[in-house]
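# Working through the structure, step by step
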Amino acid sequence: MKWWKYPILLGLGVAFAIGLSKAQLISFVRIRRMFAFAEPHLYLVIASAVAVGLVSTLILKAITKKDIGGQDYQVKDRPFRPGIIFGGLIFGVGWYLTTACPGPIYALLGNLQWPALFILAGALIGAFLFGLLKPKLKD
């Protein structure tokens, strides 16, 4: 990728983190209320994100042949695997306990929520362990 694209991507990441913060998507209270089924705020945001992602993917498939890095754009079909359910449960429990999924960790740090350093460390350790164990896991 060309060097001048990195500041653009960094700016988009900062804008995304600001959006997460302003929409209260990193709020401890909002996340706890979501898991208690006490308010629909985060469910509506997640549903909107899924809809935008679906429509965007369909548009990209229809009009684009290259991605931002100049590579051929492809959407590969992925078969269902039972491990997806187990992984989703681990993700959900981790999200409930830490009140952070991977994207907002950096937004939390940007808001000077220093306990997010522990969440980041756990995410990095988990990714490292998955990399080590992946060859031994069933497909």
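Located above this text is the structure these notes cover.
This structure is a prediction, so every number in the text was calculated from the model and none was measured.

Attention shifts here to the packing of helix H2 (residues 28-35) against helix H4 (residues 83-98). Across the interface, H2 lies against H4 with an axial gap of 9 Å and an inter-helix angle of 135 degrees. As judged from the angle between their axes, H2 and H4 are oblique. You can see that H2 and H4 cross each other, and the crossing is left-handed. Here Ile31, Arg32, Met34 and Phe35 of H2 lie close against H4, whose contacting residues are Gly92, Trp95, Tyr96 and Leu97. Tallied by class, the residues present in the contact of H2 with H4 amount to 6 nonpolar, 1 polar and 1 charged.

With that settled, the discussion passes to a nonpolar patch on the surface. Side chains of Met1, Trp3, Trp4, Tyr6, Ile8, Leu9, Leu12 and Ile68 sit close together on the surface and give an oily, nonpolar patch of about 920 Å² of accessible area. Along the chain, the position of Ile68 falls in the loop between helix H3 (41-63) and H4. Relative accessible area serves as the criterion here: at 54%, Ile68 is assigned to the exposed category.

An ideal rise of 1.5 Å per residue puts 26 Å on 18 residues; helix H6 (residues 116-133) measures up with 25 Å between its terminal C-alpha atoms. Considered for burial, the residues of H6 that qualify are Ala116, Ile119 and Leu120. Axial view of H6: buried residues confined to an arc of 100 degrees, hence all on one face. Away from its buried face, by an angle of more than 90 degrees, H6 presents the exposed residues Phe118, Ile125 and Phe128. Looking at the buried residues of H6, the elements they touch are H4 and helix H5 (104-110).

Let's shift gears to the packing of aromatic side chains. When we look at a pair of aromatic rings, we describe it by the centre distance and by the angle of the planes. Scanning all chains against the criterion turns up 4 aromatic pairs. Between Phe37 and Tyr43, the ring centres sit 6.0 Å apart and the planes meet at 5 degrees, which makes this aromatic pair stacked. In this structure Tyr43 comes out as partly exposed when scored by relative accessible area, which is 33%. A connected cluster of aromatic rings, assembled from ring pairs, spans Phe35, Phe91, Trp95 and Tyr96. A cation sits over an aromatic face here: Arg32 above Tyr96, 4.3 Å from the ring centre.

Scoring rules and cut-offs
- Residues numbered from 1 in each chain as written.
- Predicted model: local features only at pLDDT ≥ 70, side-chain atom pairs only at ≥ 80, totals over all residues.
- Heavy atoms only, no water.
- Axes fitted to C-alpha atoms, helices over the stretch in contact; angles between N-to-C directions.
- Helix = DSSP H or I, 4+ residues; strand = E, 2+ residues; numbered from the N terminus.
- Parallel < 35°, antiparallel > 145°, perpendicular 65-115°, else oblique.
- Left-handed = near helix turned anticlockwise from the far one by under 90°.
- Contact = heavy atoms within 4.5 Å.
- Nonpolar A, V, L, I, M, F, W, Y, C, P; charged D, E, K, R; others polar.
- Patch = residues over 30% accessible without salt bridge, like charges linked within 9 Å, V, L, I, M, F, W, Y side chains within 5 Å.
- Areas by Shrake-Rupley, 256 points an atom, 1.4 Å probe, with all protein chains shown as cover.
- Salt bridge = Lys/Arg side-chain N within 4 Å of Asp/Glu carboxyl O.
- Buried < 20%, exposed > 50% of the residue type's maximum accessible area, 1.4 Å probe, protein only.
- Expected span 1.5 Å × (residues − 1).
- Arc of directions from axis to C-beta.
- Phe/Tyr/Trp six-rings, centres within 6.5 Å; stacked < 30°, edge-to-face > 60°.
- Lys NZ or Arg CZ within 6 Å of the ring centre and 35° of its normal.

On their own, these measurements won't tell you what the molecule is for.
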